[in-house]
Amino acid sequence: MPDATTLNLVQPLSLSKQVAAARSGDLSLQDLITQTLNRLDEVNPLIRAMLPDPRQRERLSAEAATLMERWQSPDDQPPLYGAMVAVKDIFNVDRMPTRAGSAVPPESFSGPEADVVARLKNAGALVLGKAVTTEFAYFASGATANPHNREHTPGGSSSGSAAAIASGIAPLALGSQTVGSVIRPASFCGVVGFKPSYDRIPTGGTLYYSPSVDTIGYFVDSVADAALTASSLLLGWREGEDAEASPPRIGIPSGAFLDQAGVEMREALDTAAQRLATVGLRVEKAKTLHDIEEINARHRHLTTYEFAETHRDRYAKYGAMFRPQSAQLFEQGLEISSADAESGRASRIALRQRLHERMDRAGIDVWLAPSAVGPAPHGLGSTGDPAMNLPWTHAGMPVINLPFGDVDGLPLGLSLVGRFGHDETLLGQAAIVEAALAG
């Protein structure tokens, strides 16, 4: 096994630079494959972000050859040409098993290739392999460790995806979010995580947790990389709208919601607000989400009910193979009424409208909030608390995590939350905020 004391486990890659090198020919696809697999061999035994793939080199070489044959001219090459992508193991990929972090036989998850994977391939990306996930994208942890400190969780359920970006295994990784499974691990691992508006990325071929809120997202190293990816993955992408974004008026959601965050995260938020104000951005507190406990309960009822619906046939056949946390969640889902679930579905739209109206009254373009209650907890048995992500996910609004600060070497992250359907504008505003925070 590589020596963790001498190896730098935190070396995120620029997606934009990797694609530019591949498109220009400065880096051949075969050399890119070699570099990628060398890094994988170095760090994966230590952080366990990626699942084993015995045919990986052979498969990637063949797919790269097909890619070069399909797009021979640099002028014709698509925007993600040569990009290496880690895919969370709840998305079906042709000729690769889906295991969903479970002992349940892979045949239970078989189906057509995920729409999002097909979109990545059409954009020129190469699937490096499957990234570790918690079982069924719930809380039963995988083996992945946080590259910043291997005694701490990388978060969940997109644990392997976030760790793969932080460690420089790949410059792009797919994840999914039902409560906080993109934004929280992005915060814990110190990378950019983007959860678009609900349904902006098609979900066919994905193992659902809760179809009414499940949203596909991804991890990268910068806002520029997030925008590059969004142009290929988001339905109805409005080209150039991100570049037209003006400096945002920023609101901090004070009150019961923010009170859920720990002291260290609230201090980081205050420091960020002061820094943004010094460069001329308007930042002010606005009370909202006073009923966060009720919102949390409605979201839990909805997602737990739909988890049981999703896995009903699977549990009947393979229930003994479910890990205890997943089995318990399934049993809880059976106790929730369809009326409670329907109330949860209705509350998604109501909350979205309410948040938009609050933004209008306060003259706010985006919300700035903690991406987690604090830094990554110690140990790999828990993936952390998703409380700071829940209302934005419930409302289906787009969110991007921006790394900001740390506690004893463990990263912290802040969420920039935009209006539903205005993902392009949010990404443009996030680029402005990212630069201001870096200054």
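Reading the values: the criteria
- Residues numbered from 1 in each chain as written.
- Predicted model: local features only at pLDDT ≥ 70, side-chain atom pairs only at ≥ 80, totals over all residues.
- Heavy atoms only, no water.
- Core = buried A, V, L, I, M, F, W, Y, C linked by side-chain atoms within 4.5 Å.
- Buried < 20%, exposed > 50% of the residue type's maximum accessible area, 1.4 Å probe, protein only.
- Helix = DSSP H or I, 4+ residues; strand = E, 2+ residues; numbered from the N terminus.
- Contact = heavy atoms within 4.5 Å.
- Axes fitted to C-alpha atoms, helices over the stretch in contact; angles between N-to-C directions.
- Parallel < 35°, antiparallel > 145°, perpendicular 65-115°, else oblique.
- Left-handed = near helix turned anticlockwise from the far one by under 90°.
- Nonpolar A, V, L, I, M, F, W, Y, C, P; charged D, E, K, R; others polar.
- Salt bridge = Lys/Arg side-chain N within 4 Å of Asp/Glu carboxyl O.
- Phe/Tyr/Trp six-rings, centres within 6.5 Å; stacked < 30°, edge-to-face > 60°.

**Looking at the nonpolar core**
Within soluble globular proteins, side chains that are nonpolar tend to cluster in buried spots.
Then, number 1: Within the largest apolar cluster, 134 residues are counted, with the highest numbers of intra-cluster contacts made by Leu174, Tyr218 and Ile400.
Then, number 2: Considering each element in turn, this core owes the most residues, 8 residues, to helix α2 (residues 29-47).
Then, number 3: What Ile400 contacts, discounting residues up to four positions off in sequence, is Ile183, Val192, Gly193, Phe194, Val223, Ala226, Leu414, Ser415, Leu416, Leu426, Leu427 and Ala430.
Then, number 4: Ranked by size, the runner-up nonpolar core spans 5 residues in total, among them Val213, Leu302, Ile336 and Ala341.

**Topic: the packing of α2 against helix α3 (residues 56-70)**
Then, number 1: Packing of α2 against α3 leaves a shortest axis separation of 10 Å and a crossing angle of 155°. With respect to their mutual orientation, α2 and α3 come out roughly antiparallel. Between α2 and α3 the crossing geometry is right-handed. On α3, the residues that touch Leu29, Gln30, Ile33, Thr34, Leu37 and Leu40 of α2 are Gln56, Arg57, Leu60, Ser61, Ala64, Leu67 and Met68.
Then, number 2: Residue composition of the contact of α2 with α3, by class: 8 nonpolar, 4 polar and 1 charged.

**What to know about the pattern of salt bridges**
Then, number 1: Tallying each qualifying case throughout the model produces 17 salt bridges.
Then, number 2: Between Arg59 and Asp53 there is a salt bridge, and its shortest N-O distance comes to 2.9 Å.
Then, number 3: Residue Arg59 is classed as buried on the basis of its relative accessible area, which comes to 6%.
Then, number 4: Among the charged side chains, a salt-bridge network with shared partners connects Arg200, Arg238, Glu241, Asp423 and Glu424.

**Some points on the packing of aromatic side chains**
Then, number 1: Applying the stated criterion across every chain, the model contains 12 aromatic pairs.
Then, number 2: Judged by centre distance (6.3 Å) and plane angle (55°), the ring pair of Phe136 and Phe307 falls under tilted. Of the two residues, Phe136 sits in the loop between β2 (126-131) and α5 (159-166) while Phe307 sits in helix α9 (residues 292-318), which places them 171 residues apart along the sequence.
Then, number 3: The exposure class of Phe136 is buried, given its relative accessible area of 1%.
Then, number 4: Here the aromatic cluster, defined as three or more aromatic residues joined through ring pairs, consists of Phe109, Phe136, Tyr138, Phe139, Tyr209, Phe307, Tyr315, Phe322 and Phe330.

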